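One letter stands for each residue in the lines below.
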Amino acid sequence: MFLSVFDMFKVGIGPSSSHTMGPMVAGARFLETLKASPFHPVGLRASLHGSLAFTGKGHATDRATILGLAGFAPDSYDAEKAEATLKSIAETGMVTPPGLPALRFNPESDLVFDFGPSLPGHANGMILMATDAQGDVILQETYYSIGGGFVLTEAEHAAVDDKVLSERSPVPYPFRSAVEMLEMAAASGLTIAQMKRANEKVFRSEAEIASGLSRIWTVMNDCMDRGLTTDGILPGGLKVRRRAKSIHEALLAERGRNLTAPHVINDWMSAYAMAVNEENAAGGQVVTAPTNGAAGVVPAVIRYWLDHVPGASASQVGEFLLTAAAIGGLIKHNASISGAECGCQAEVGSAAAMAAAGLCAVMGGTPEQVENAAEIALEHHLGMTCDPVKGLVQVPCIERNGLGAIKAVSAASLSLRGDGQHFVPLDAAIETMRQTGQDMHERYKETSLGGLAVNIPNC
């Protein structure tokens, strides 16, 4: 099994990797399919299903779908150009994707939120269609946004069966479980990051890997800095105030005081994480880690380590990210990173496990201690539901990233105090998360039909 660090950490836009980035990617993929087809389309249509319908407005799924069909992509997103394009489409009822003729598309009638049963393949389903002059469908494709910005067509989703999952990847360390990962580390004498880097080198040069990892951290850190210096009210109607800036300013003012309580370090971690997720909620540029809804945990822990831990070095950020990506790949491969599929345990829980592993690694942990750190963090997120108020990635999502970062640091610290031997293996925690998500009622899986989403007055 191989999932690149650059698939796990993708530059994109908020507020959601599955509900914003995924639909935009699906739109772009449909345009490529259309260009390669023998048909001569006149118009486009789209229908959103399952969680994409129920929380689509709050997650900007409608905007993302329209922009995807207009040729936009998450990693090259231009906010000003996007707003101008949306205005033009609303006024003219036409989209003008690159390489295709102008096509009829009226957002009011051609984009449908279907609140019926979910499509059979995944809770995040959408159907994109091309029509002829009479309005008849001449080309249609179903897409599933499976979390973290990953998108599969219906055929691709069906092909991911047991045979495909059992095939070995053409890399030197194709571990598919934590047990295999530790066995390969012991046999090779390499760290988890070193094995992950060796796998990446099958597809990229050392320079490309270094440059890519540097860009990931730069985008993460820039996002955090914007969040720490921006205040105001977040969009969407809940009137949630940005708080990271004021918390950070208060923490800076308190620095150097002898009476500062030790637990205040938790406030630093929360401020870092909340800064990222406030930017995400505002539709800013973020890095999926492994999703947008959980994008604050990993960068917050890296920033905590760099700014507050003696001996930390920016030269090790790549090691952190590679280790975190290895753990994230195991979770995605054997369970899920999608809130619509397994609840928030799959998003913030996975992010905390990744961050705990990365921190443990750069602080000198053995592969066994790294695996233990990831397990502790994931185990103590099991059962967490995804119930965003009003379908927005704000409450409880923003604060939840702060608490996820705190748990990640605690998990790494606990693991480093031991020898890596522990009662519950990471593989068991991942499988438990998968089963728990399977048993979890859909109202608690990013539909905003249960939990906090229905128990907050005036929402």
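Residues numbered from 1 in each chain as written. Predicted model: local features only at pLDDT ≥ 70, side-chain atom pairs only at ≥ 80, totals over all residues. Heavy atoms only, no water.

### Examining the pairing of strand β8 (residues 150-153)
- Relative to β8, strand β7 (residues 137-147) runs antiparallel, the two sharing four bridges. What sits directly across from G147, in β8, is F150. (Pairing = 2+ DSSP bridges. Helix = DSSP H or I, 4+ residues; strand = E, 2+ residues; numbered from the N terminus.)

### Things to note about the side chain of Q345
- For Q345, the location among the structural elements is in the loop between α16 (339-342) and α17 (348-362).
- Exposure remark for Q345: the relative accessible area of 0% places this residue in the buried category.
- Engagement of the side chain of Q345 in a polar contact is seen with the backbone oxygen of M433, the distance being 3.1 Å.
- In this structure Q345 touches S350, L378, H381, L382, G383, M384, M433, T436, G437 and M440, once residues within four positions along its chain are discounted. (Buried < 20%, exposed > 50% of the residue type's maximum accessible area, 1.4 Å probe, protein only. Polar contact = N/O pair within 3.5 Å; in protein donor to acceptor, adjacent residues only side chain to side chain. Contact = heavy atoms within 4.5 Å.)

### Considering the pattern of salt bridges
- Inspection of the entire model under this criterion finds 18 salt bridges.
- Linked by salt bridges that have partners in common, K196, E200 and R204 make up one network. (Salt bridge = Lys/Arg side-chain N within 4 Å of Asp/Glu carboxyl O.)

### Some thoughts on the environment of I146
- Locating I146 in the fold gives a position in strand β7.
- Of the residues examined, I146 reaches a relative accessible area of 14% and is grouped as buried.
- I146 sits 46 residues away from L100 along the chain, and the two C-alpha atoms are 28 Å apart.
- Apart from the residues within four sequence positions on either side, I146 is in contact with H122, L152, H157, K332 and S338.

### Focus: the pairing of strand β6 (residues 124-131)
- In terms of burial, β6 is largely enclosed, as eight of its eight residues are buried.
- Side chains of β6 alternate between two faces, with N124, M126, L128 and A130 and G125, I127, M129 and T131 buried alike.
- Of the pairings in the sheet, the one linking strand β2 (residues 43-50) to β6 comprises eight bridges and is antiparallel in character. Bridged to H49 within β6 is G125.
- Here β6 runs beside β7; their pairing, made up of seven bridges, is antiparallel. Its bridge partner being in β7, M129 is matched across the sheet by Q140.
- Linking β6 to β7, which pair antiparallel, is a turn of five residues; within it G135 sits at a positive phi near 90 degrees.

### As for unusual backbone geometry
- Geometrically, the link from A289 to P290 is a cis peptide bond, its omega value of 0 degrees lying close to zero.
- Assignment of secondary structure puts P290 in the loop between β9 (285-287) and α14 (297-308).
- Cis rather than trans, the peptide bond between V395 and P396 has omega equal to 5 degrees.
- You can see P396 is positioned in the loop between α18 (367-379) and α19 (397-416).
- Non-glycine residue E446 carries a positive phi angle of around 60 degrees.
- According to the relative accessible area criterion, E446 is buried, its value standing at 4%.
- Of note, S448 is a non-glycine position whose phi angle comes to about 60 degrees, a positive value.

### Focus on α14
- For α14, built from twelve residues, the straight-helix expectation of 16 Å at 1.5 Å per residue is met to within 8% by its first-to-last C-alpha distance of 16 Å.
- Of all twelve residues making up α14, nine are buried, and the element is well covered by its neighbours.
- Turning to α14, its buried residues number three or more, namely V297, V298, P299, A300, V301, I302, R303, Y304 and W305.
- Residues of α14 that are buried in the fold lie against α11 (206-228), α13 (265-281), α15 (317-334), α17 and α19. (Expected span 1.5 Å × (residues − 1).)

### So, the packing of aromatic side chains
- Taken as a whole, this structure holds six aromatic pairs when the rule is applied.
- Seen from their ring centres, W268 and Y272 are 6.0 Å apart, and the 50 degrees between their planes marks the pair as tilted. One end of the pair is W268 and the other is Y272, both in helix α13 and four residues apart, which spans about a single turn.
- Judged by relative accessible area, W268 falls into the buried class, the value being 7%.
- Between W305 and F320 the ring centres are 6.5 Å apart and the planes differ by 35 degrees, which places this aromatic pair in the tilted class. Here the residue W305 occupies a position in helix α14, and F320 occupies one in helix α15, the gap between them amounting to 15 residues.
- By way of ring pairs, the aromatic residues F54, F113 and F115 are connected into one cluster.
- Geometry around F150 places K10 over its ring, the cationic atom sitting 3.7 Å from the centre.
- The cationic tip of K81 hangs over the ring face of F72; the distance from NZ or CZ to the ring centre is 5.8 Å. (Phe/Tyr/Trp six-rings, centres within 6.5 Å; stacked < 30°, edge-to-face > 60°. Lys NZ or Arg CZ within 6 Å of the ring centre and 35° of its normal.)

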